[in-house]
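An overview of the molecular structure
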Amino acid sequence: MWSSRENIRARLLSILETTPRQDTALRRSIVRLLGIFGSPEQLPLLRSLFFDVREHFSLRNAALDAGQRHGLHLSGPELTLLLERDSTLHCDGHDHPGPCVPSLGQLLSLVRAEDGDTRAAVETVLLHVSAWQRAQLLAETDCTPLRPWMEEWLFARWYSVDRQLLVGNHPWGQECNFWVAITHRDRPEARRLLVDWTWDRTTGALEERPYWELSDEEREQLLESVPLLRHRFAESLVLPLPELLTCLEPDALLRRLRRIVRAESVACRVPYSLMEGPEEFPQAVRLLGEWRGARAMLYQLLCDFQVELSVRTRLAVSLFENDRAAAGRWTIAAMRYPDNAALVHQVLGLAASAPTHGDRSLFLAALRSTDDVAHGLALEGLFTLGESGEGWCDRLGSLTHSPLPLVRLRAAACLVKQGRSEWLSFIQTAALEAPEPWLRADAVRWLAEVAAEASRPILRQALLAEAHLKPGKRSSASIEATWALSRLGTDEDATALLNASLHGCCSYLVEAALERHLARQEGRPFGDVPPPSWREDASERLLELLRADSGT
C-alpha cells in the first residue's frame, strides 16, 4: 500500500534482499523505484549493483540510472575499469532489446573530479577509442553534456587530428565533421570550417550541405562571409521566400517547383530506389504550401492522380500547415472522389489531432460521407470541440452500428459525454474483453476521457491485466490506464501504479506518475503527467488504428 517515502523505501529494500538474483525483472523494477523513493544513502548499494558483473546488464543499467538521480559519480580509475572489462562492454551473446551498456558519453558525464590523475585517466580512455567515437561525443554534447575540460580536449583533438582521419577512413566521416561543426558553431574555428566547406560545395568538391541544418540567422552570416553563395542558396531553394523571389523570376520559380515535384514522383515509382529524388524536394514542398502565388499549381498537383500518392500527401500536409482553412475546403471537395481517400484521411487526421472551430465544417462533411475511416476521424475532432444537439445524437446512434469497432467505441464515448450513460458498459466491456490489444487500449482511453471516476475499478483491472502479460504482449492499454489513474491521483490509485511498476509495466509513465504523487504528498512543486508519448503524433496514430480496424 502507498504510504510515506521512508516506508516504501524500506519495503523495497526488504523485497530486494529476499528476491533471488535469478528474478531479474523484479529486482530491476525495485532498483528503478529506488531512483524515486531512495536517497543518497542507497548510493553504496546502487554502486555495488552497477559494478557487480554477476548481475544482468539491464539491472546494472537501472542501478546506474537510479544512482545518477542521487548523485552517483565515477573516478578516473573506475571509468578505466568499466571500459576495459569485457563483461561490461558487450552483451552476453543473447538477443536483448535496447542498448546493452551505458554509452561512453553517459559514463563520462559521471566523472566529476578534475584532478590531474582523473584527467589523465579520461584522456587515456579517449585516446583508446576511435576518431569516430570521439567525434560522436562532440556532436552529441547538446544531449549529453560533458565537463568543460573534456569538451575542450575533444574539440582540440578533433580540430587538429580527428577531422582529417574521419575524411580519410570513414564513409560518413565528412558528414560527422559537419555535425560537429554545426553543434559547436559558436566557436570561430568551427564557423570558418562551415564557410570553407560550403564554398567548396559550390565548386563541386563535396557532396554534403551543412547549410540545410543552419538557421536563417546563421545562413545569413555565411552569406556575408561568401556573398557568391547567395546564388547557390537560391538554386537550392533554402532562402526565405521573399528573398528567393528577388533572386528568381516568379514564373521560373513555378516551373522549377513543378519539375522538382514531378521528378520526385518519378523517383518514387522506380523500383528498389534505383533513382534518387531531387534533393530540393523538401524545400519545394515548403514553398508550395507557403507561397500563395503557387496555390493554383498546388491544387493542380494535388488533383493529379498521375503524381505519386506519397508526394501528394506531402503537399497536402504542407497546405494544411500553411493554410488550414484552404486545406479544409480542398478536402471537402476532394471527398467526392474515392481515389482521394488517403489524402482526405491525412488532412482529417491532422485536424482531429488538434481541432479548431474552423474545422467543424470539415468534420461534419466527413460524417456525412460513406467513408468509415473518415467517420472515426471526424468523431475524434467533434468530440474535442464539444459537438452537441439532437441531430448529433441521432448520427451517433447510427454510428454505433458501424462496421469498424473503433468507430463504434468513439460513437459510444460521444453518447456518454451527452449524458447517455447506458453506453458506458459497452466501453468498459471492450476495455477488458476486446480481442485486439489496440482496441482495448482505445477503450481504456475513452473511459479516461468520459467516465474515469466511475470506471476506476475497470482502469485498475485493465492495468493489472496488462502488467501480468509478457512485455512483448502488452498493449498501450496499460499506458492509457496509467495516465488515467495518475490524473485521478488518490493513494489507492498510486498503490495500483506502484504494484504495476513492480511488474515492470510501462515504467516511463508509471514513474512520472509516482514522482508526481510523491511530490504532492511531500509538499514539493509538481507538474502534470504528460499524455502518453505516442499521442505526440496523434494524427498518424489515429490513421494507424483506423486502418488496422478497417483492414486497409
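Structural data are supplied above this passage.
What counts and what doesn't
Residues numbered from 1 in each chain as written. Predicted model: local features only at pLDDT ≥ 70, side-chain atom pairs only at ≥ 80, totals over all residues. Heavy atoms only, no water. Buried < 20%, exposed > 50% of the residue type's maximum accessible area, 1.4 Å probe, protein only. Helix = DSSP H or I, 4+ residues; strand = E, 2+ residues; numbered from the N terminus. Contact = heavy atoms within 4.5 Å. 1 Å grid on protein atoms, 1.4 Å probe; cavity = no way out; pocket = protein on both sides within 12 Å on 5 of 7 lines; lining within 4 Å. Points joined across faces, edges and corners; volume = space filled by probe spheres on them. Core = buried A, V, L, I, M, F, W, Y, C linked by side-chain atoms within 4.5 Å. Phe/Tyr/Trp six-rings, centres within 6.5 Å; stacked < 30°, edge-to-face > 60°. Lys NZ or Arg CZ within 6 Å of the ring centre and 35° of its normal. Axes fitted to C-alpha atoms, helices over the stretch in contact; angles between N-to-C directions. Parallel < 35°, antiparallel > 145°, perpendicular 65-115°, else oblique. Left-handed = near helix turned anticlockwise from the far one by under 90°. Nonpolar A, V, L, I, M, F, W, Y, C, P; charged D, E, K, R; others polar. Polar contact = N/O pair within 3.5 Å; in protein donor to acceptor, adjacent residues only side chain to side chain.

**Quick look at helix H17 (residues 281-290)**
Most of H17 sits out of view: seven of its ten residues are buried. What H17 keeps buried is the set Phe281, Gln283, Ala284, Val285, Leu287, Leu288 and Gly289. Looking at the buried side of H17, the elements it contacts are helix H15 (241-247), helix H16 (250-269), helix H18 (295-302) and helix H19 (309-322).

**Focus: empty space enclosed by the protein**
Counted according to the given criterion, the structure contains three cavities of 30 Å³ or more. Size it by volume and the largest cavity reaches roughly 50 Å³. Leu485, Ser486, Gly489, Thr490, Asp493, Ala494, Leu497, Ala513, Arg516, His517 and Arg520 are the residues that line the largest cavity. Listed by contribution, the elements that provide at least two residues to the lining of the largest cavity are helix H29 (477-488), helix H30 (491-502) and helix H31 (507-521).

**Quick word on the nonpolar core**
In terms of nonpolar packing, the biggest core is built from 117 residues, with Phe37, Leu257, Leu288, Leu315, Leu379, Ile427 and Leu514 touching the most fellow members. Ranked by residues supplied to this core, first place goes to helix H25 (residues 405-417) with nine residues. Listed in part, the 47 residues of the second largest apolar core include Phe50, Leu59, Ala66 and Trp153.

**Description of the packing of aromatic side chains**
Throughout the structure, instances matching the rule amount to seven aromatic pairs. Judged by centre distance (6.5 Å) and plane angle (55 degrees), the ring pair of Trp158 and Tyr159 falls under tilted. According to the relative accessible area criterion, Trp158 is buried, its value standing at 1%. Positioned above the aromatic ring of Trp446 is the side chain of Arg445, whose terminal nitrogen or guanidinium carbon lies 4.5 Å from the ring centre.

**Describing the packing of helix H5 (residues 76-84) against helix H8 (residues 116-128)**
Think of two packed helices as two axes; the pair is described by the angle between the axes and how far apart they sit. Where H5 meets H8, the closest approach of the two axes is 8 Å, and the angle between their N-to-C directions is 20 degrees. On the basis of the axis angle, H5 is roughly parallel to H8. For the crossing formed where H5 meets H8, the hand is left-handed. Facing Gly76, Pro77, Leu79, Thr80 and Leu83 of H5, the residues of H8 in contact are Thr118, Ala121, Val122 and Val125. Looking at the contact of H5 with H8 residue by residue, the class counts come to six nonpolar, three polar and no charged.

**Notes on the side chain of Ser58**
By secondary structure assignment, the location of Ser58 is in helix H4 (residues 57-69). Of the polar contacts made by the side chain of Ser58, one reaches the side chain of Arg28; its length is 2.8 Å. If near-sequence neighbours (up to four positions away) are discounted, Ser58 is found in contact with Thr24 and Arg28.

**Overview of the packing of helix H20 (residues 324-334) against helix H21 (residues 341-353)**
Running from N to C, H20 and H21 cross one another at 140 degrees; their axes reach a closest spacing of 10 Å. Our classification of the angle between H20 and H21 gives oblique. Considering only the axes of H20 and H21, their crossing is left-handed. For the pair H20 and H21, the contacting residues are Arg324, Ala327, Trp330, Thr331 and Ala334 in the first and Leu343, Val344, Val347, Leu350 and Ala351 in the second. Partitioned by chemical class, the residues of the contact of H20 with H21 number eight nonpolar, one polar and one charged.

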